[in-house]
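# Tertiary structure, described
Spelled out, the chains give:
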Amino acid sequence: MMHARLLAVLVRIYGTALLICPRPLRDRYGTEMRAAFADRCDDAASQSIGALLRAFARELADLVVASIAARRAPAATPPVPSPRRSVVRSIWQDVAYAARMLRRQPGFTFVAVLTLALGIGANTAVFTVVNGVLLRPLPYDDPDRLVLLLYGRPGRITQWLSPLNYRDLVGQSAAFQDAAAFTPVTGNLTGEGDPERIDGASVSWNFFSVLGVAMREGRGFIEAEGAGDGDVVVIGDGLWRRRFGGQAGLIGTTIRLDGRPRTLVGIAPAGVALPAKAEFWRPLIFTPRDLAPRSRGAQWISAVARIAGGGDVARATAAVQTVAARLAVEHEAINGGTTALAMPLHQRMVQNVRQTLLVLLGAVGLVLLIACVNVANLLLARAQSRTREVAVRAALGAGRGRLVAQFLSEAILLGLLGGAAGLAAAYWCTRALVALAPASIPRLGEVAIDLRVLAFTFAVACGTSVLFGLMPALSASGGALARVIGAAGRGAVGAGASRPRRALVVCEMALAVMLLVGAGLLIRSYARLQQVSPGFDPEGIITFNLSLPEAKYSSSSSIAGFTATLLARLHREPGVETAAAVFGLPFGDLSASTSFRNPSKPDTPDGPLAGMRIVSPEYFKTMRIPLVAGRLLDERDDDSAPEVVLINQQTARRYFAGENPLGQQIRVGVTLAREARSNNKTIVGIVGDVKYGRLDADTPPEIYLPYAQHAVDEFTIAVRTTGDPMAFAPALRRDVAAIDRELPIARIEPMTAVVGASIAERRFTMLLLSAFAAVAALLAAIGVYGVLAYLVSQRTQEIGVRLAIGAAPGDVARLFLREGARLTVIGLVAGFAGAAAAARALSALLFGVTATDPATFGAVAGALALVALAAAYFPARRASRVDPMTALRTD
Amino acid sequence: MQQMDDPRSFLPLTPQQFHILLSLTGAHLHGYAIIRDVEQRTSGALRLGTGTLYTALARLEALALVDESTRRAPAAEDDDRRRYYRITPLGRAVLTAETERLESLLRHARAKGIAAAGRPALSRGRS
């Protein structure tokens, strides 16, 4: 299947490349040529992908040559050799000669192509990901006109709206053609196979038409279904393939979701993922309570809107801002001080990974530059060893242009070979990248090699060829040439001829320094981050998520009963120390925040806001969160007892500065349990601060409510064990199944993994950048080695003379070591200047270190100096062992 | 009937043109079929690229050595993007003339004792 797609892309490229043909030829034969090309590729593809890429490269080269030939000698002129035809012939000769030269030196060609393939392959792989995530348009109709509405007070703007605010924002601004609300939900899919917990969303009935999605099969929702008529569901392509084997004819059948039968009306095409990871969609139905005036503050839905024709994002933002300003005045108590804005959907999705991906692209670009410099160095060395050949050709009348053309055609041939090999490498690298990438990068499923990637690779290959080809060509055809002709060889090659090569090595060093500094800063950030205490002890804890379906657990008492029974069973398991239920596990995916206030004071829009956690009494013991003051929750805080609440230190510091919070009463704005108690709650204790979403952010204010008084139906179970936590997974599954056989367990994983996932993206960036830096350092070392080895071989006679007149071998070695050190120091200084500038781009990814961290710079300087010294050692040693007599006799 | 041009005025043919005319002798072929025919006949020594083939074909057509055939493959394996080509009587005459020219060249070479059996050894070492 991949081959077929690749083939189609190649044919399209070829079709585009036909534009270089003379018009008459293209008009008459274009269609046929495409067909013949497709046939050729077909045949090649049946052998291997390598054969296909080779055939592709050969065909493109052939097209270029043939088109030039056709332009030089139009078909209408009689077949008389004209002077113009000789130009064509000379181009052909250059290419053929270049191919012969490359074939004659397989070692050189192999190293050069491998270096380029490494650089181009890594670039193509990273670009493929950047393309799939950042560049490729979303799989919706006219996606640039889709926006998400963001709402809140300045500094607290989120994508969450209340149904009433959503209705007013969309209804009162004329900027939108249509809009739909959605909110993420999870569902328990039962039926054939194991029960499975899947992510999905409740969506307005017109959701799919707002996005402009053409269903793969079936249809989207209709208006009646949005009013509650019929239990219907749309599933995603991924779920369809995974769970239903991609079979046809499923439309109209029933699937069991949360214990309720739902009729499958549509299958969405691949790539439709709003909200992220959603695999099913069901109609969103607002209850009268959702639309009651007092629910205006309950923000739980998101809104996607399509900008009306002629509008743009700025105008849409202006429109919703106007409405939001009006709502802020009309509903001062709830909406006071809020504003709204429209953000392009794609921008919102990739907001968090954009910086990371661009940094990686920049870094991998530097690796390619270094690879180019290395190949340029190789070419230069060869050019210098070929000076006699060049001199003879020049003497026989080859013009400077002709010599440049010949070197360039060799370079371009190398570049194309490297590009083709790089493309093959990228094919595998991309798979590896996608497999290794953290789940937090959106749209990874859409990452694939497409036309844009191929064009990118081709451009990079050609661009780099010119870059590394031009310098040797110019230097070989210019000054060096004259020198060679003038002085017939003997010991005449001095510092002048090697100056370009030294300059290249310095460049290489500088680029490597930049990469090493970048990688070093990220490594230090990561290490710092790992030292951050999350405020609890994740070792030994296993967690899993449960979601009790409403059909079976409709009352708070049935929910609380289930949880109590389960916790009791878990406690009895051997090896289990404690077990607790929690809504809002740190680094987990369930969270809520709420406003709260002192009941004796009026409600103000800028009042206190805190993260809300609902926990069973054993939670603090399980997580090892310390008690700071007052008491913890216990079994007595049940449904019939007076309502109590715990706060963390941050809440105490921020909202109860200078007073004793213990014994004070608060009112909490949001309720999560179905039958909520919303009386005043007494603060009975203060517990230690815990990091929630991320290790690199400050701890937010938090309040803890007792689970027995707020029985939520979706929660996490955390179990502290005495051994390897994952070894307890089967026992936990057994315990859950013993109470409810149909209840699926989601995300069963050790707490350390939950915390680790939060820094997985940093880890990914750090590892990739380190790999790039290591390659860069290696290439730079090879560069230093190459230049010094070359210098030694060029100066053998001079060394011989020095040794013959009494220099110690150590002096000779020192001479070359000093040369190596000089190159390294200049490279380091230039690199540090570059790194200091480039590190600014990294600053958003750093934690606990500054972009100019002296320790990192120092370590890089030390490491690179060491590597360069090692690279210089071998040539220097060889120089010191030169036998004077042999040296003087060599030609 | 129009007077036919002197076939010898078209000589010499390029190896590509020669092989294309050879492929079309006795068969009406489409572009890729010509490429494959040439490749097989020369055991892979001459691989025409698509671009090279069609520039050569364009030239041969302009010179009226080749024209388009109306005969097509059986519908099952036909593809309407393809066109089929055949050699014209002039083309055949040119091919014959070129073969004569090459033969006479060969005769002269043989008369001087030059045989195609072994290639002269090329010096491959570095200077």
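Residues numbered from 1 in each chain as written. Chains lettered and ligands numbered in written order. Predicted model: local features only at pLDDT ≥ 70, side-chain atom pairs only at ≥ 80, totals over all residues. Heavy atoms only, no water.

Another aspect to go through is helix α3 (residues 50–62) of chain B. Residues and elements named next belong to chain B. Taking 1.5 Å per residue as the helical rise, α3 with its 13 residues ought to reach 18 Å, and the 18 Å between its terminal C-alpha atoms agrees with that figure. Taking burial as the measure, the 13 residues of α3 include twelve buried ones, the bulk of the element. Turning to α3, its buried residues number three or more, namely Thr50, Gly51, Thr52, Leu53, Tyr54, Thr55, Ala56, Leu57, Ala58, Arg59, Leu60 and Glu61. Phi turns positive, to about 65 degrees, at Ala64, one or two residues after α3. (Helix = DSSP H or I, 4+ residues; strand = E, 2+ residues; numbered from the N terminus. Expected span 1.5 Å × (residues − 1). Buried < 20%, exposed > 50% of the residue type's maximum accessible area, 1.4 Å probe, protein only.)

As a further point, take the environment of Ile683(A). All names here are of chain A. Tracing the chain through its elements places Ile683 in strand β18 (residues 681–687). When its relative accessible area of 1% is taken as the criterion, Ile683 is described as buried. Dropping the residues within four chain positions of it, Ile683 is found in contact with Val645, Ile647, Phe656, Pro661, Leu662, Gly663, Gln664 and Ile666. (Contact = heavy atoms within 4.5 Å.)

Note that soluble globular proteins tend to have their nonpolar side chains buried in a common cluster. With 104 residues, the main nonpolar core has Val133(A), Leu515(A), Tyr619(A), Phe620(A), Ile625(A), Tyr704(A) and Phe772(A) as its most contacted residues. Here this core gets 16 residues from one element, more than from any other, and that element is helix α24 (residues 760–794) of chain A. (Core = buried A, V, L, I, M, F, W, Y, C linked by side-chain atoms within 4.5 Å.)

Moving on to the confidence of the model for chain A. Any segment with low pLDDT has predicted coordinates that should not be analysed in fine detail. Residue and element names in this part refer to chain A. For chain A, the average pLDDT comes to 82, and 92% of its residues sit at 70 or higher. Note that residues 75–83 has pLDDT below 50 and, in this model, seven contacts with residues that lie over four places away or in other chains. Scored below 50 in pLDDT, residues 484–495 shows twelve contacts in the model against residues more than four places distant or in partner chains. (pLDDT = per-residue confidence, 0-100.)

Attention now moves to unusual backbone geometry. Of the consecutive residues Leu274(A) and Pro275(A), the connecting peptide bond is found in the cis state with omega at -10 degrees. Note that Pro275(A) resides in the loop between β7 (260–267) and β8 (280–283). Backbone geometry at Asp142(A) places phi at a positive 45 degrees, although glycine is not the residue there. Note on placement: Asp142(A) falls in the loop between α5 (106–135) and β1 (146–152). Take Asp142(A): its relative accessible area is 34%, and that puts it in the partly exposed class. Of note in the backbone geometry, Ser43(B) takes a positive phi value of approximately 50 degrees without being a glycine. Note that Ser43(B) resides in the loop between α2 (31–41) and α3.

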